[in-house]
Amino acid sequence: MTHLPTLQDRIARRRPGFALEQAFYTAPEIFAHDLERIFRRHWLLAGPSCRIRQPGQWCTYDLANDSVILVRVESGEIRAFHNVCRHRGSRICLTSDGHGSSFVCPYHAWAYDLDGKLKAARHLPEGVERTEFGMHPVAVRVVEGLIFVCLADEPPDFSAVAADLRMYLQPHGLHHTKVCRRTVENIRANWKVVAENFWECYHCAPAHPEFCSVMSYAQAANSERLARERADFEAAWIEETRRRGYLAGRVERSNGALHQGGRLPIRPGYLTQSRDGKPVAPLLGSYKEYDGGITSFMHLPLIWYVVSNDHALLTRFTPIAPLETELELTWLVHEDAVEGQDYDPENVCWLWRITAEQDKSICDNNQRGILSSRYQPGPYATTERSADEFVTWYLQELGAQNH
Ligand code: FES
Ligand SMILES: [Fe+2]
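Predicted model only: the values in this text are computed from it and were never measured.

A. Examining the coordination of the iron ion (ligand 2) more closely. The protein atoms that coordinate the iron ion (ligand 2) are H203 (NE2), H208 (NE2), D359 (OD) and D359 (OD), at distances of 2.0 to 2.6 Å. Around the iron ion (ligand 2) sit four donor atoms; with metal-centred angles ranging over 55 to 153°, the donor geometry is irregular. All donors to the iron ion (ligand 2) come from one chain, and their sequence spacing reads H-x4-H-x150-D. Placement of the pair is H203 in the loop between helix 5 (191-199) and helix 6 (204-207) and D359 in helix 10 (residues 345-370), with a sequence separation of 156 residues. As far as burial versus exposure is concerned, H203 and D359 are alike and both buried.

B. Inspection of the packing of helix 3 (residues 28-39) against helix 11 (residues 385-400) at higher detail. For the pair helix 3 and helix 11, interaxial distance at closest approach is 9 Å and the crossing angle is 85°. It follows that helix 3 is roughly perpendicular to helix 11 by the angle criterion. Across the interface between the two elements, I30, H33, D34, R37 and I38 of helix 3 pack against W393, Y394, E397 and L398 of helix 11. The class makeup of the residues in the contact of helix 3 with helix 11 is five nonpolar, one polar and three charged.

C. Representation of the packing of helix 5 against helix 10 within the structure. The geometry of helix 5 relative to helix 10 is characterised by a closest axis approach of 10 Å and an angle of 130° between their N-to-C directions. It follows that helix 5 is oblique to helix 10 by the angle criterion. Between helix 5 and helix 10 lies a crossing whose hand is right-handed. Judged by residue contacts, V193, V194, N197 and F198 of helix 5 engage D359, I362, C363, N366, Q367 and I370 from helix 10.

D. Expanded view of unusual backbone geometry. Residues L300 and P301 are joined by a peptide bond in cis, for which omega reads 10°. Structurally, the position occupied by P301 is in the loop between strand 14 (293-299) and strand 15 (303-307). Even without being a glycine, H123 presents a positive backbone phi close to 55°. Within the secondary structure layout, H123 lies in the loop between strand 8 (118-120) and strand 9 (139-143). Overall, the relative accessible area of 76% leaves H123 in the exposed class.

E. Looking closely at the pairing of strand 10 (residues 146-150). Among the five residues that make up strand 10, five are buried, leaving the element largely enclosed by the rest of the structure. Side chains of strand 10 alternate between two faces, with L146, F148 and C150 and I147 and V149 buried alike. Pairing between strand 1 (residues 44-48) and strand 10: four bridges, direction antiparallel. Considered in strand 10, the bridge of L44 is made with V149. Hairpin connection between strand 9 and strand 10: a loop of two residues separates the two successive antiparallel strands, and E144 in this loop has a positive phi of roughly 50°.

Conventions used here
Residues numbered from 1 in each chain as written. Chains lettered and ligands numbered in written order. Predicted model: local features only at pLDDT ≥ 70, side-chain atom pairs only at ≥ 80, totals over all residues. Heavy atoms only, no water. Donors = N, O, S within 2.8 Å, 3.2 Å for Na, K, Ca; no water. Tetrahedral: all angles 85-135°; square planar, octahedral: opposite > 155°, others 65-115°. Helix = DSSP H or I, 4+ residues; strand = E, 2+ residues; numbered from the N terminus. Buried < 20%, exposed > 50% of the residue type's maximum accessible area, 1.4 Å probe, protein only. Axes fitted to C-alpha atoms, helices over the stretch in contact; angles between N-to-C directions. Parallel < 35°, antiparallel > 145°, perpendicular 65-115°, else oblique. Contact = heavy atoms within 4.5 Å. Nonpolar A, V, L, I, M, F, W, Y, C, P; charged D, E, K, R; others polar. Left-handed = near helix turned anticlockwise from the far one by under 90°. Pairing = 2+ DSSP bridges.

Structure follows, in structure tokens:
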């Protein structure tokens, strides 16, 4: 009789330094484990807080079968609740954005206040207390204008990530931004195919000519001369930028930490991530001049954002199904900037719109190849270390609960 491999078998037989075997990228039962052990345990970026600026404004964040309501309450704080009615379980908010002084379930009209308390329910039987049936809260943190949620009952400690985020994002004043553009589209690939692609730049030279024309590090790995030039440029930029009083340099991912990031230069002569390096919007935060750097920050499982002096890009990758991942891109500019006068969204979004389109088709094609009966995991290149680290971390998380 054939012995079917268990999840632990599959984890144990992964060859170090190699991509995952097919089932991890395709099997519905592994996808279910991913949701349970990765996405319902870790902190996730829900979006920028400027999306719900006024009290009573809310938006939803759907993650596979779960849906979270994020709402700004009267005090100005942001709260999060499961989008599940405590009566018979209907979704309460049926659209992605809205505004009101309460939440009313569309089924039998149970009404909840913005704090999640059940305030009206007709014909409740004797002995049933409304106070017992508030909306289920979700853990939420707002750090430097970004909303994070965690679906776990006991969320992991977020303080180290929050401290580094504060240090790197505080100068950009993301609290005082507005959404320039938000796009949502689905990639026909498992979320790990997408994550691996975004964690490595080995593919940048063959796949992203525009990105390589803007970011000088993208080509540096392919030539000793370019690598030396980039290293010298980076070192001089860090020294000069610090001398001028601005933040520069990296946070390395230490053992066990889930995040890394830093502020590094674009390329000589470039002030922002635009086609010609010229500014595309008014300065953000406390910057009085362009320093020509970008702050990029990633944390596992799936969060990555990049901030230039005049705009920011947030990416949110959400697993939808074993072979489907949602990609949401949100570009932010200063809240006082006037479209058509201070910025043209086409120019603000140019680099990452085109780069994300390329990544989408790369991931679609990668998944199609992985679905082939002849797919076998191949070795990561030396310049794909972060993809390898991601996969190694993922397997540890997946396996840890089985002991
Ligand atoms: S399910 Fe919401 S009021 Fe009945
Ligand atoms: Fe890419």
